[in-house]
2 protein chains.
Amino acid sequence: MTDDLRPVTAEDITVAARASFAGAPDGRLRFLLQHLVEHLHGYAREVRLTAAEWEAAIAFLTETGRACTDRRQEFILLSDALGLSMLVDVLQHPAPPGATESTVLGPFHVEGSPLRPMGSSTVDQDGSGEPAFVSGTVRGTGGQPVAGALLDVWQNAANQLYAVQDPGQPPGNLRGRFRTGADGAFAFWSVRPVDYRIPDDGPVGRMLAATGRHPWRPAHLHIIVSAPGYRTVTTHFFDRTSPHLAGDAVFGVKPSLVGDFVPHRPDEPGAPEGWDGTWYSFERDVVLAPAGG
Amino acid sequence: MTDDLRPVTAEDITVAARASFAGAPDGRLRFLLQHLVEHLHGYAREVRLTAAEWEAAIAFLTETGRACTDRRQEFILLSDALGLSMLVDVLQHPAPPGATESTVLGPFHVEGSPLRPMGSSTVDQDGSGEPAFVSGTVRGTGGQPVAGALLDVWQNAANQLYAVQDPGQPPGNLRGRFRTGADGAFAFWSVRPVDYRIPDDGPVGRMLAATGRHPWRPAHLHIIVSAPGYRTVTTHFFDRTSPHLAGDAVFGVKPSLVGDFVPHRPDEPGAPEGWDGTWYSFERDVVLAPAGG
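Quick summary incoming for the structure in this document. Here the structure is a predicted model, which means the values were calculated and not measured.

Details of the overall build of chain A
Counting its regular elements, chain A contains six helices and 12 strands. With respect to the principal axes defined by its C-alpha atoms, chain A has extents near 90 × 40 × 30 Å. Each of the 293 residues in chain A was classed as buried or not, and the buried ones make up 42%. Considering only contacts in chain A between residues 6 or more positions apart, those separated by 24 or more positions represent 69%.

Given below as C-alpha cells:
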C-alpha cells in the first residue's frame, strides 16, 4: 500500500468504508451500515461538504446529545423535525382498511403513567384548562369490542407544556392508563389540548429559527392502544379547529386522525361538577388490526 | 387538508419536509438541509427502516452524545469510523502538487498545547517510550523555508493513550507547539508512537464489535502546521513498519504521509542523554501551499 503513491480519492474512501463492514455477522446490520455509508458519503459528495460545515455538524450533534436528559429527547425531536419519524411510521406495514392509523410517538412519552379507573380524570392539577370528556370504543376491524385493551394517553396542559417538561405540574398530570372492560368502551376526563411549540430552546429550536421554520404543532391528545391478539397502535387525536393542522412542525397529521372537540354549555347533562364554563366532548373509536396482520 | 382523506404516502412526507426548509434565508443552509432530507429519507426508504431500527438508532445517537465530554469526542470518532471525516478531507480543494497532504484531525486534539523551545522534548513523563528525534524544514511549494510557522504536534504514549485520555499522564505530555526561525527548520524529541485502538469502550466501539471490525490505527504523530500567507495543513506522520497501515480503522492513511523511524544505536551521535537502548530519528519536510491557492 505505501508504495502506491496515487492520491487517495473520495471513491477510495467510500469503497474502503463500505468494505469495512463486509464481515459483519448480522446480515441486516451489514446491509444497514453499508447503505448508511453509501448515503452519508453520497450526501457529503453531492453537497461538497466543507470542513467547516462538518465541524458545525459535529458541534450540532454534540449539543443535541447534551440536550438529552431523563426528561427530554432532543434526537427524537430532531428526527421529528426532519420528517424522519413520520416517514418511518408511513414505511411500516400499513394497517388494514378501517384500522386506526398511526402517527409519531413524539419525545414526551413516559413509561408507567398512572393506571386510572375508567371514566376518571387525568387532571391532577386544578385550573389547567377547559374540561374535555374523551370517549369511544376499542374495536377490532370486524367491529367487535376489544376487552382488556390498554390505553396509554398523554397530552399537554393549557400552558402548552407536558408534565414531563414542566416542574410546575404533578408528574402524572394529564397522563394515564385505562383498561377496557367487556364492552371495549373507554372514557376519561381530560382538558382540551392546545397548540404548542416543540421545545425551541435547544439545538433543534435553533435549526428551526435559522431556517425560518415555525415550531408549532396542532393541538392533539396522544394515545397508544394495545391488546392481546392485536397490533399496537401509537396515534393522536387531533383537534379540527387548530390553525396548524396544515403546517405541523413534525409532519404528524393524517386526515383520518382529525376529530371534533364538541363544545357544551355548563347546563348540559354530563357537565363536570363545579365548572361554569364551556366544556367539550370528543368521541372516537379506536380500531385495532389483528396481530401479525 | 382535513377533507382530503387520501392516505399520507412516504413521498408526501419527504416533499413536506423538504418544503419546510424552502424559506431558509441562508441559501447554503437551505441547500444543505433540503439535500439532507432527501438523503436521509432516501436511506430510510431504500432500507425500509423499521420502527425498532429507528429506535435503536435514536438510542445509539443519544449514547454517543452522552459519551462526549471535555476529554472525549465520540461523534468525531463515529464520523472517523464511518469514513466521513476522511471523505470530507479528500473533498476539500486539494493542495497543489508537492505540498504536504492532509488527513483526519481525529478526536484527541487539544487547543493550547505548551509552547516549547525548538529542539526540546514533548516528553513530560519519564519512561513512556523509545526516544524519537523528529526534524525537518517547513517550506513553501517553491522550496523556500517558512519562518514563523507554528507546529502543533500531539501523539500517543507507549501505553497507546493520548494524555487527554489518560489521567496518569501530565496534561501536556507528548503535546507541544513549536515556532520555526528564519531557516524554517523544526526539531523536537518525542517518543516513537505506537499502534493503538480507537476508544472502544463506548457506542462506536460497540458498533465496531457488532460488525466484526477491529479498532486499530497505525502508529502516527499528529501535526498541524500554520504560517501567515500559507494554507494550514492538518496531517499525520505515519510509521512505515506498522502492520495496520492497510487497515486503518478511520481510513486516514495516504501513501505520501508514510515515513521512516530510523533506528540508531545508543552510541551514535545525537543519542539522548542517559538512554542506553535503541532510539529513532524521523526526518520529513512539511511543504505548505500558498494561502488561497
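So, the relation of the copies chain A and chain B
For the match of chain A to chain B, the screw axis carries a shift of 0.0 Å, the RMSD comes to 0.0 Å, and the turn is 180 degrees. Taken together, these values place the two copies in the relation of a two-fold axis. Taking C-alpha positions as reference, the residue of chain A nearest the rotation axis is Gly-65 of chain A, located at 1.9 Å. A shared binding surface is used by both copies, with 100% of the interface residues of chain A retained as interface residues in chain B.

Description of the sheet that holds strand β9 (residues 258–259) of chain B
In a beta sheet, neighbouring strands are held together by backbone hydrogen bonds and run either parallel or antiparallel to one another. All names here are of chain B. Taken in spatial order, the five strands line up as β3-β2-β7-β8-β9 in an open sheet, and their pairing is mixed. Looking at the sheet topology across the chains shown, the edges are occupied by β3 (175–179) and β9. The sheet contact formed by strand β2 (residues 150–155) and strand β7 (residues 220–226) spans six bridges and is antiparallel. Residue pairing across strands places Gln-155 opposite Leu-221, the latter belonging to β7.

So, the sheet that holds strand β2 (residues 150–155) of chain A
All names here are of chain A. Read across the open sheet, the five strands follow the order β3-β2-β7-β8-β9; overall the sheet is mixed. Of all the strands in the sheet, the pair left with one neighbour each is β3 (175–179) and β9 (258–259). Inspection of the sheet shows β2 paired to β3 by five bridges, in the antiparallel sense. Within β3, the position partnered with Leu-151 by the bridge is Phe-178.

Brief notes about the environment of Arg-66 of chain B
Residue and element names in this part refer to chain B. Positionally, Arg-66 belongs in helix α3 (residues 51–67). Overall, the presence of 15 C-beta atoms within 10 Å leaves Arg-66 in the partly exposed class. Taking C-alpha positions, Arg-66 is 9.6 Å from Gly-202, a pair spaced 136 residues apart along the chain.

Rules used throughout
- Residues numbered from 1 in each chain as written.
- Chains lettered and ligands numbered in written order.
- Predicted model: local features only at pLDDT ≥ 70, side-chain atom pairs only at ≥ 80, totals over all residues.
- Helix = DSSP H or I, 4+ residues; strand = E, 2+ residues; numbered from the N terminus.
- Buried ≥ 20, exposed ≤ 12 C-beta atoms within 10 Å, placed from the backbone.
- Contact = placed C-beta atoms within 7 Å.
- Least-squares fit on C-alpha atoms with pLDDT ≥ 70 in both.
- Pairing = 2+ DSSP bridges.

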